[in-house]
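# An overview of the molecular structure
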Amino acid sequence: MNNEFYEEFEKLFINLLNFLNKYNQSEILQNTLYDYFKSLIYANLINNIFSNLTEENMEEYGISKEEVEKFQVDFKKTKDRIKDAISNDKLKEINAEYYKNFKQIIEEECPTISEFINKLELEWGIDKLDKYLKEKKQQISETGIEDTSDIEIVFATKILEEDFQKEDFLNSPLSSSEDIASKFSEDYFKKSMKIKQWNIWYSYSTFFLEDDYDLEKVAYKLVELDLCPLVLSQDLKIWWKEDEEVKQTTIDFSKFDIHGFKANFPKISDGYILEGLNQFLIMWHAEANLLDEKYRSSFEYIRGFMNPCKLKSGERPILMYPYLKLYNNGTVNLTFRQISPEFEYLIDSFIEHEVNLFKSYFEEMETSPDIMKLSGRYSVYTGQVPLSLNLYRKRSLIFKEMDRDIEKNTRFVKEGDFSFYYTNTIPDKNKKRTLDDLYGFFTSALAFAMNTNKKGEIPFSDGLKYNFGNYWTVRPSIYIIDFINQPYTAANISKNFSNQLGKIMARSYMPFYMDFSKFLGKNLREFDDYCLYMNKAITLWVFSKSGIRNFSKKEDPNLSFLYEKQVQVELIDHLNISLKRLFETSYDLSL
């Protein structure tokens, strides 16, 4: 085999392999690019025949000037076609059959040139070409990513497959594999949407069947049992722990108007609790601005600020900030807030990994050890962990053993200005959990706190005083704050991105050819600062540049301008779950 002839194709072939290895395994991509590579070899083979008809070769191989001139005239169209094909990658019909026919005509019309071609083939090692191409086909067949969990790669592969199957794929102006990559990457990104900054609040709503509890006593107990580091009530009382003792005071304002407030904060040493207090007061201020006082006083609630949770799916870490809101009519809202990391996110991947997070399975799930301790006790008291009466009497020993196991799986982590204890909820490496499992741990811990007596126990004979109903729901509230080509006014958001935003509202991005704009619905916001879309399953807020023009990431990393919007979501969820509760309790004559 003549290495000089084949070497010029090796660099191109390596680029093709690198290109294919960026996408999922696909016979369509593999076969198309193999045909492209093979055609390029035959096109260059024919072109080299013309370029080797030099005076030096004519003299060496005994070819007359007249024979060469005749050959150049008779095969001018072929020469031009090959040149054009190589320059513009119009290679579709240049293959082994084309080359065979080309040689056969030469043999009939220009026998001397035919002999010259045979000698060139011998020199170039063309007799080994079939073997060479078989080896390359085998190498190409082994390319591609086998793992299909990365939705960006899945989507990009599908887009490429659709484009590769077009009739004119090998008739497009591509000069190298780098051009192929850039062309189709450009097409792919044109068809998608890239988000730069976002928030999602996954709001789980449920209810207790009974509502005869004292919110202030519950607030004290939530802090005492370390379920919540901070609790704030609607009338601005707060509870927190200082030196292992539950403290309680009332917040008062030195300034309060529609534009903002200044609160007199108590002496609290824990910076994380102060952060929670600030967030809750902003939400309280938003409620005061949005709602009539008579309406606000028609229901009471407490807010619980909780320690964060860590989840991991594959290599993707997720940090969640949980919030609890308990109303005096028995309804409960448990929200897990997720703040976007600093990278651009394609819309389809965003839907798969974040909007549909409840479908994900996590190999790692960490939360506060106190949540797991309370959840474990609830499991024992409610019989989820089967115990005989004799073992039940020894439950304090069982709890100590459970606590030891939890502490073995607990670690201390310092994150920025704050420090937390995390315990792994999946000690068995073969197990996986979902977001619903995390919700289950929190609600079990809450139910235990609600049902314990002054001794911190649930009497065996009495059973549970407060029981969850049979209904719960989860509704993500999604905030898209910054994205590529973000319009200045909201009017252009739905105009330019209706299909992409419709995918979010549908919680789906397939099939790829579907027009998802029909799922978007009406923009419920009349002004130019943001768009608001809502259906039974989701609430979507999409900001324009004018809507965030006064926002500073450095001054407000927690995006407090979202809190007013989230308060509105809470009100809707509260009304919805209250109706569900009334429906269920109306059938229970014992209540």
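Residues numbered from 1 in each chain as written. Predicted model: local features only at pLDDT ≥ 70, side-chain atom pairs only at ≥ 80, totals over all residues. Heavy atoms only, no water.

## What to know about the overall build of the chain
What counts, and what does not: Helix and strand labels come from DSSP, where a helix needs a run of H or I of at least four residues and a strand needs a run of E of at least two; each type is numbered from the N terminus. Classification of residues uses two cut-offs on accessible area relative to the type maximum, computed with a 1.4 Å probe and protein chains only: under 20% is buried, over 50% is exposed, and between them is partly exposed. Any pair of residues with heavy atoms lying within 4.5 Å of one another is described as a contacting pair. Working definition of accessibility: Shrake-Rupley area with a 1.4 Å probe, residue cover restricted to the visible protein chains.
Looking only at helices and strands, the chain has 20 helices and 17 strands in total. When the 591 residues of the chain are sorted by exposure, 49% land in the buried category. Look at the contacts in the chain between residues 6 or more apart in sequence, and 73% of them connect residues 24 or more apart. Total accessible area on the chain stands at roughly 29,700 Å², and carbon and sulfur atoms take up 48% of it.

## Re unusual backbone geometry
For Asp243, which is not glycine, the phi torsion reads 55° and is therefore positive. Within the fold, Asp243 resides in the loop between β3 (237–242) and β4 (245–250). Even without being a glycine, Asn485 presents a positive backbone phi close to 60°. Looking at the element boundaries, Asn485 is found in the loop between β15 (473–483) and α19 (491–506). Residue classification places Asn485 among the exposed positions, given a relative accessible area of 63%.

## A few points about the packing of helix α11 (residues 215–224) against helix α18 (residues 435–451)
The condition is simple: Every axis in this analysis is a line fitted to C-alpha atoms, fitted for helices over the stretch in contact. Angles between the N-to-C directions lie between 0 and 180 degrees. Reported orientations rely on four angle classes, namely roughly parallel under 35 degrees, roughly antiparallel over 145, roughly perpendicular from 65 to 115, and oblique for the rest. For any pair of crossing helices, the crossing counts as left-handed if the nearer helix is rotated counterclockwise from the farther one by less than a right angle, and right-handed if it is rotated clockwise. In the scheme used here, Gly and all other residues not listed as nonpolar or charged are polar, with Ala, Val, Leu, Ile, Met, Phe, Trp, Tyr, Cys and Pro taken as nonpolar and Asp, Glu, Lys and Arg as charged.
For the pair α11 and α18, interaxial distance at closest approach is 9 Å and the crossing angle is 120°. When the axes of α11 and α18 are compared, the pair comes out oblique. Viewed along their axes, α11 and α18 form a crossing whose handedness is right-handed. Within the contact between the two elements, α11 uses Val218, Lys221 and Leu222 and α18 uses Leu446, Ala449 and Met450. Looking at the contact of α11 with α18, its residues break down into five nonpolar, no polar and one charged.

## Considering the packing of aromatic side chains
Threshold: Stacked, tilted and edge-to-face are the three classes applied to pairs of Phe, Tyr and Trp rings, where Trp contributes its six-membered ring and a pair requires centres within 6.5 Å; stacked means planes under 30 degrees apart, edge-to-face means over 60, and tilted covers the rest.
The tally for this structure, following the rule as stated, stands at 45 aromatic pairs. When the centroid spacing of 5.6 Å and the interplanar angle of 35° are considered together, the rings of Tyr204 and Trp472 count as tilted. Residue Tyr204 is found in strand β1 (residues 194–207), and its partner Trp472 is found in the loop between α18 and β15; the two are separated by 268 residues along the sequence. Since its relative accessible area comes to 1%, Tyr204 is described here as buried.

## Thoughts on the nonpolar core
Taken as a class, soluble globular proteins show a tendency for nonpolar side chains to be buried jointly. Note the threshold: Nonpolar cores were defined as sets of buried Ala, Val, Leu, Ile, Met, Phe, Trp, Tyr and Cys residues, with membership established by side-chain atoms within 4.5 Å.
Formed by 76 residues in total, the largest nonpolar core has its most connected members in Leu222, Leu227, Phe350, Leu501 and Ile504. Element by element, the count of residues in this core is highest for α18, at eleven residues. Residues in contact with Phe350, not counting those within four places in the same chain, are Ile195, Trp198, Ile200, Tyr345, Val355, Ile478 and Ile504.

## A few points about the pairing of strand β13 (residues 410–415)
Test applied: The criterion for strand pairing is that DSSP finds at least two bridges linking the strands in question.
As defined by bridge partners, β13 adjoins strand β14 (residues 418–424) across six bridges and the pair is classed as antiparallel. When the sheet's bridge partners are listed, Glu415 is paired in β14 with Phe418. The turn linking β13 back onto β14 is made up of two residues, and Gly416 within it adopts a positive phi angle of 65°.

## Things to note about helix α2 (residues 27–51)
Note the following rule: Here the expected length of a helix is defined as 1.5 Å per residue gap, with one fewer gap than residues. Here a polar contact is taken to be a pair of N or O atoms separated by no more than 3.5 Å, where protein atoms must pair a possible hydrogen donor with a possible acceptor and residues adjacent in sequence count only if both atoms sit in side chains.
The terminal C-alpha atoms of α2 lie 36 Å apart, and with 25 residues this matches the ideal 36 Å at 1.5 Å per residue to within 8%. Within α2, 18 of the 25 residues are buried, leaving the element largely enclosed by the surrounding structure. The distance from a side-chain oxygen at the start of α2 to the backbone nitrogen of Ile28 is 3.3 Å, and the residue carrying that oxygen is Ser26.

## Considering the environment of Ser544
Here Ser544 shows up in the loop between β17 (539–543) and α20 (563–585). Of the residues examined, Ser544 reaches a relative accessible area of 0% and is grouped as buried. Not counting the four nearest positions on each side in its chain, Ser544 is found in contact with Gln486, Pro487, Tyr488, Thr489, Ala490, Ile493, Asp528, Asp529 and Tyr530. Reaching out from Ser544, the side chain makes a polar contact with the backbone oxygen of Asp528 at a distance of 2.6 Å.

## As for the pattern of salt bridges
For clarity, the threshold we go by: Salt bridges are defined by distance alone: a side-chain nitrogen of Lys or Arg within 4 Å of a carboxyl oxygen of Asp or Glu.
Scanning the entire structure with this criterion turns up 27 salt bridges. For Lys196, the salt bridge is made with Asp482, and the minimal N-O distance between the two is 3.9 Å. Taken together, the positions of Lys196 in strand β1 and Asp482 in strand β15 put the pair 286 residues apart, joining distant regions of the chain. For Lys196, a relative accessible area of 34% corresponds to the partly exposed category.

## Some thoughts on a nonpolar patch on the surface
Test applied: Like-charged residues within 9 Å of one another, or nonpolar side chains (Val, Leu, Ile, Met, Phe, Trp, Tyr) within 5 Å, are grouped into patches, provided each residue has over 30% relative accessible area and no salt bridge.
Residues Leu524, Met534 and Ile572 make up a contiguous nonpolar surface patch of about 240 Å² in total accessible area. Considering the arrangement of structural elements, one finds Met534 in strand β16 (residues 530–534).

## Looking at the packing of α2 against helix α6 (residues 96–109)
Their axes nearest at 9 Å, the elements α2 and α6 cross at an angle of 25°. In terms of their interaxial angle, α2 and α6 are classed as roughly parallel. Listed contacts from α6 to Tyr42, Leu45, Ile46, Ile49 and Phe50 of α2 are Ala96, Tyr98, Tyr99 and Phe102. Split by residue class, the contact of α2 with α6 holds nine nonpolar, no polar and no charged.

## Quick word on the pairing of β16
Counting buried positions over the five residues of β16 gives four, a clear majority of the element. In textbook terms, the turn of a hairpin is the stretch between consecutive antiparallel strands, and for β16 and β17 this stretch comprises four residues.

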